[in-house]
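Summary of the model geometry
The lines below spell out each chain.
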Amino acid sequence: MIARVFAVLLCATLSACFDYEPPAELAARNKTLLLGNAADPSNLDPNLVTGLSEYKILSALFEGLTRANQNTLEVEPAAAESWTFKDGVYTFKIRQNAKWSDGEPLKASDFVFSFKRSLNPAVSSEYANFLYPIKNAEKIHKGNLPQDALGAVAIDEKTLRIELERPCAHFLNLLYHCSFFPLPEHVLRKTNCADIRNGSWMKEKTAVTNGPFKLSKWRINDKVLVEKNPFYWDFERIKLSSIEFLPISNINTEDRAFRAKQLHITDSIAPTRIESIKKETPESLRISDFLGVYYYALNLSRPPLDDVRVREAL
């Protein structure tokens, strides 16, 4: 009888020792957000990336002059605390307490440096055309004018002047796209990445960023870990200590990981499951509008797409 009681107590003790805590619950206690990222980032250099999986990470690491309000999507100040507009010219005032993650001050010239690097044909930035609303940007990108002709100038360390090529009603919205993020010129010069297509400066030991988080770890096919940036101008408002971006390329695998409490957030949901989610766990589902453009490139030289009637039918 005593042996049986001991065995029961031992089993109970062992069960208590091996209680399973889902990763999402453990991470939440440590103020870490686990975010499904669909794919590994190809790069983390703002001038070189094009994918949504990269942009999610860059939005944590970098900050442009403006940002979208999280509730209304209206433009609001970010790295720039204010701006004026007159006669086709924007004048931005960079925050006095805005710094890079290495403690160096964020300068207006860091934005100009980023713009010019993106327009450099040797860098081959695929989003260089986003800068075309700036005066002479297109001509510089196509090699018809020198970079010094760009209508973006640092008046002083904290004042940036941008002259437009033509009226652009959505220009302030463009500024929170990664193609307008600043770059730490002092870091890219040191790592010899300033004038070539090379994003190797965005590695664990050399990455320097100006956003609410800084790069801590980047393990291919594992995770990208970003940690709170102590030099971020709005440091006190950031409640998370870190974010783990987890690359899960299969939509069903990521969906299952979310249901198993291995993730806090996923936007990979099998369409066939949406109705069941609405019925079973509606509180876990958010459906929002997505502003994007999808297109199909057709090879018109190969049948049957060489037949206009087939293309019209499609």
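Anything mentioned here points back to the structure above.
First things first, this report covers the structure right here in the doc. (Residues numbered from 1 in each chain as written. Predicted model: local features only at pLDDT ≥ 70, side-chain atom pairs only at ≥ 80, totals over all residues. Heavy atoms only, no water.)

1. Focus: the sheet that holds strand E8 (residues 213-219)
Applied cut-off: Pairing between strands is defined by DSSP: at least two bridges between the two strands are required. In this text, helices come from DSSP runs of H or I with a minimum length of four residues, and strands from runs of E with a minimum of two, each type numbered from the N-terminal end. Whenever a helix is involved, its axis is fitted only over the stretch in contact; in every case the axis is a line through C-alpha atoms, and angles between N-to-C directions fall within 0 to 180 degrees.
Here we have four strands laid out as an open sheet, ordered E1-E10-E9-E8, and mixed in their pairing. Across the chains shown, the open sheet's two edge strands, defined by having one partner strand only, are strand E1 (32-36) and E8. Neighbour-to-neighbour, the strand axes of this sheet turn through a mean angle of 20°, independent of strand direction. Note that E1 and strand E10 (residues 242-246) share five bridges and pair parallel. Across the sheet, Gly36 pairs through a bridge with Leu246, a residue of E10.

2. Re a nonpolar patch on the surface
Using the following cut-off: Note on patches: the residues involved have over 30% relative accessible area and no salt bridge, like charges join within 9 Å, and the nonpolar side chains Val, Leu, Ile, Met, Phe, Trp and Tyr join within 5 Å. Per-residue and other accessible areas were derived by the Shrake-Rupley procedure at a 1.4 Å probe size, with only the shown protein chains allowed to occlude residues. Salt-bridge detection follows one rule: a side-chain nitrogen of Lys or Arg within 4 Å of a carboxyl oxygen of Asp or Glu. Partly exposed describes any residue whose relative accessible area lies between the buried limit of under 20% and the exposed limit of over 50%, with all areas from a 1.4 Å probe on protein chains only and scaled to the type maximum.
On the surface, Leu52, Phe290 and Tyr294 cluster together to form a nonpolar patch covering roughly 420 Å² of accessible area. Here Phe290 is to be found in the loop between helix H9 (274-280) and helix H10 (308-313). By relative accessible area, Phe290 is classed as exposed at 56%.

3. Quick word on the sheet that holds strand E5 (residues 89-94)
So the rule is basically this: Pairs of residues are marked as contacts when any of their non-hydrogen atoms sit within 4.5 Å.
Judged by pairing direction, the sheet is antiparallel, and its four strands sit side by side in the order E4-E5-E7-E6 without closing on themselves. The strands lining the two open edges of the sheet, one partner per strand, are strand E4 (80-86) and strand E6 (152-156). The mean inter-strand angle of the sheet, taken between neighbouring strand axes irrespective of direction, is 20°. Contacts from helix H4 (residues 108-119) reach E5, E6 and strand E7 (159-163), with the element oriented near 165° to E6.

4. What to know about the nonpolar core
Side chains of nonpolar character tend, in soluble globular proteins, to be buried together. Keep this limit in mind: Residues grouped as a nonpolar core are buried Ala, Val, Leu, Ile, Met, Phe, Trp, Tyr and Cys residues, joined through side-chain atoms within 4.5 Å.
Among the nonpolar cores identified, the biggest contains 62 residues, and Ile134, Ile162 and Phe171 are the most heavily contacted of them. The leading source of residues in this core is H4, at six residues. Every residue in contact with Ile162, bar those within four places of it in the chain, is listed here: Leu65, Gly88, Val89, Tyr90, Phe92, Phe115, Ile134, Gly151, Ala152 and Phe171.

5. Description of the environment of Cys168
With respect to the helices and strands, Cys168 occurs in the loop between E7 and helix H6 (171-174). We classify Cys168 as buried; its relative accessible area is 11%. Taking C-alpha positions, Cys168 is 9.4 Å from Ile134, a pair spaced 34 residues apart along the chain. Discounting chain neighbours no more than four positions away, the residues touching Cys168 are Pro133 and Leu174.

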